Amino acid sequence: QSVVVRGENAYTAVSGTLLQLNSSNLAQKIASRSCADSSSSFFTAGEDYVYVSCDVSSVPHTFQLNASNISQQFTNISNGNNYYRGGPALANGYFYFAQGNILYQKDASNISIEIANFTLGASVSSTPIVTDDYVFIGAGNKMYQVHANNVGNYVGSFTAGSTINGAPVVSKGF
């Protein structure tokens, strides 16, 4: 499981429960958020909010929680019948995630506001990687590049010899 540390808070998911711990004393639990299944392992945290995927009546939802106390919910959106493939990304004031063959871009301060989306040629199995200018994501045997400020704006793609299973890595713009 992953751990995200933001200031005085550390977040991790264990057996369907998202935990918020004191980062200077991990024995001190601040709050927790239970999920109906183990999909809560897909979460990310920013300065003000924590975003987590959980089931509600067997339907996946993304919850936007108060980063200071994750038991306080700000909003949530239904993910239809699809779970995240890979994990979500948070950058440039946006929340990015992929479900099925669609890459979504939401307003990070209110995920009920969709900025844009982009339909990919195959189902996604990796986490989007975001730079200042671009979002990169693998789907099927292609690596896609779209604009970070509007993922509906396609830049280009690369066709690999077989399925892309991992997240891309970007270093110094390459």
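The structure reproduced in this document is the subject of the present report. All of these numbers come straight from a predicted model, not from anything done at the bench. Every chain begins its residue count from 1, and numbering advances along the sequence as written. Under the rules for a predicted model, residues below a pLDDT of 70 receive no local features and side-chain atom pairs below 80 are neither given nor counted, while totals for whole chains, interfaces and linings still include all residues. The side-chain quantities take in all heavy atoms of the structure and omit both hydrogens and water.

The phi angle at N92 is positive, at roughly 55 degrees, despite the residue not being glycine. Here N92 shows up in the loop between β9 (89-91) and β10 (94-99). For helices the rule is a DSSP run of H or I covering at least 4 residues; for strands it is a run of E covering at least 2, with both sets numbered from the N terminus onward.

We count a salt bridge whenever a side-chain nitrogen from Lys or Arg sits within 4 Å of a carboxyl oxygen from Asp or Glu. Within the structure shown, the criterion is met by one salt bridge. Between K106 and E114 there is a salt bridge, and its shortest N-O distance comes to 3.5 Å. For each residue, the accessible area found with a 1.4 Å probe, counting protein chains only, is set against the maximum for its type, and the residue is called buried under 20%, exposed over 50%, and partly exposed in between. Note on K106: relative accessible area 8%, which makes it buried.

With that settled, the discussion passes to the sheet that holds strand β11 (residues 102-107). Whether parallel or antiparallel, the strands of a sheet pair through hydrogen bonds between backbone atoms. The four strands lie next to each other as β9-β10-β11-β12, forming an open sheet whose pairing is antiparallel. On the outer flanks of this sheet lie β9 and β12 (110-119), each paired with one strand and no other. Sheet twist, expressed as the mean angle between neighbouring strand axes with direction ignored, is 25 degrees. Here the rule is simple: two strands pair whenever DSSP picks up at least two bridges between them. Relative to β12, β11 runs antiparallel, the two sharing six bridges. Paired with K106 across the bridge in β12 is E114. Working convention: axes come from line fits to C-alpha atoms, limited for helices to the stretch in contact. Angles between N-to-C directions cover 0 to 180 degrees.

Geometry only, nothing functional implied.
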